[in-house]
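Next come the chains, spelled out residue by residue.
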Amino acid sequence: MLDQYAVIGNPISHSQSPHIHALFAQQTGQSLQYSALLAPLDSFPITVFDFINKGGRGANVTLPFKLQAHQLATRLTERASCAQAVNTLTFENNEIIGDNTDGIGLVHDITRNLTVNLASKRILLIGAGGASRGVILPLLQQKPLSLTITNRTFDKAEALQQQFQSYGNIHARSLDHFIDQSFDVVINATSASLQNTFPDIPVNIFAVDALAYDMMYSKEPTAFLKFAQQSGVNHLSDGIGMLVEQAAESFYIWRNVRPETKPVIALLKSQ
Ligand code: ATR
């Protein structure tokens, strides 16, 4: 039997993960099977244990189960512990190891695919929900000059500053604080794009040659990316590359082989 992997979520039929991992397996010559598993909303642990009993070696976890996966893990990596969310489970020696590859996926997309070095840069991270929390540690590990975090509800940004201040130069600022400040990299980690809107930010937050990055992706440019473009930003990216890079990191954790991500990103963009 082939080694079994899966992505577990609810809903799950829209997930690109089976397609991405099949491309990785084909490209690297790894023999494995990767499927999509729909877990009932009240039965995530049962779905995981059932999959382990059927020979599952690892699983990706998507909405709305990342927090439950964090609780289910018997061991956590530091980045998963900081994120308080798990998107990658490995089943090994009667242990359930929880990791979070979202943040390193973002960092690899920015530094390798978009060739923007984050060291010594001024980064603005907009949003203070789960998506934001998941990327802060890997961003700080790039040693930016500063990581500023802002959010519509300021208290949540402040809480993240407190949680992460021992890891690097992180500040929480309210949205009305940016009248005369600009940033080299501006990352939208809010879910506003899902409502086809964007956070209330001034045009001056984009420095000359800034990168505007939306962690969401859609067929059309997101409202945030349209705003950035209208503000004069030329370097724009949505989160398709991050999606593929977080998958590649999971694949590496399970198989100890790094797939080439660029052809997979190009293929997904063309589809
Ligand atoms: P996720 O797991 O995707 O981060 P979440 O934890 O619900 O989801 O967080 C959503 C984030 O998007 C929050 O930072 C939220 O701001 P609030 O904390 O003020 O709610 C932000 N957000 C959602 N819609 C927004 C909008 N229209 N404008 C600005 N921020 C928005």
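Cut-offs used in this document
Residues numbered from 1 in each chain as written. Predicted model: local features only at pLDDT ≥ 70, side-chain atom pairs only at ≥ 80, totals over all residues. Heavy atoms only, no water. Salt bridge = Lys/Arg side-chain N within 4 Å of Asp/Glu carboxyl O. Helix = DSSP H or I, 4+ residues; strand = E, 2+ residues; numbered from the N terminus. Buried < 20%, exposed > 50% of the residue type's maximum accessible area, 1.4 Å probe, protein only. Near = heavy atom within 4 Å. Polar contact = N/O pair within 3.5 Å; in protein donor to acceptor, adjacent residues only side chain to side chain. Areas by Shrake-Rupley, 256 points an atom, 1.4 Å probe, with all protein chains shown as cover. Domains from an automatic or database assignment. Buried area = accessible area lost by both parts, 1.4 Å probe.

> Any details on the pattern of salt bridges? Residues and values, ideally.
Inspection of the entire model under this criterion finds 9 salt bridges. The partner of R255 in a salt bridge is D3, and the shortest N-O contact between them spans 2.9 Å. Placement of the pair is R255 in helix α9 (residues 240-255) and D3 in strand β1 (residues 3-9), with a sequence separation of 252 residues. Classification of R255 by relative accessible area gives buried; the value is 16%. On the basis of relative accessible area, D3 is assigned to the partly exposed category, the value being 21%.

> Now, about the site of the ligand: what can you tell me, with residues and values included?
Around the ligand, the surrounding shell holds 15 residues, and the nearest of these are A131, N151, R152, T153 and K156. The contact in question runs from an oxygen atom of the ligand to an N or O atom on the backbone of S191, over 3.1 Å. In isolation the ligand exposes 640 Å². Once the protein is present, 73% of that is buried.

> Residue-level account of the domain arrangement of the chain, with values.
Many structure descriptions define interface size as the accessible area lost when the parts assemble. By domain assignment, the chain separates into domain 1 (3-100 + 242-270) and domain 2 (103-238). For domain 1 and domain 2, the distance between their C-alpha centroids amounts to 25 Å. Across the domain 1/domain 2 interface, buried area totals approximately 1,400 Å², and carbon plus sulfur atoms make up 55% of it. Among the residues of domain 1 in contact with domain 2, C82, M242 and E245 are the three that bury the most area, contributing 42% of the side total. Viewed at the interface, domain 2 and domain 1 are joined by 0 salt bridges. Across the domain 1-domain 2 interface, the total number found is 5 residue pairs in polar contact (both at pLDDT 80 or more).

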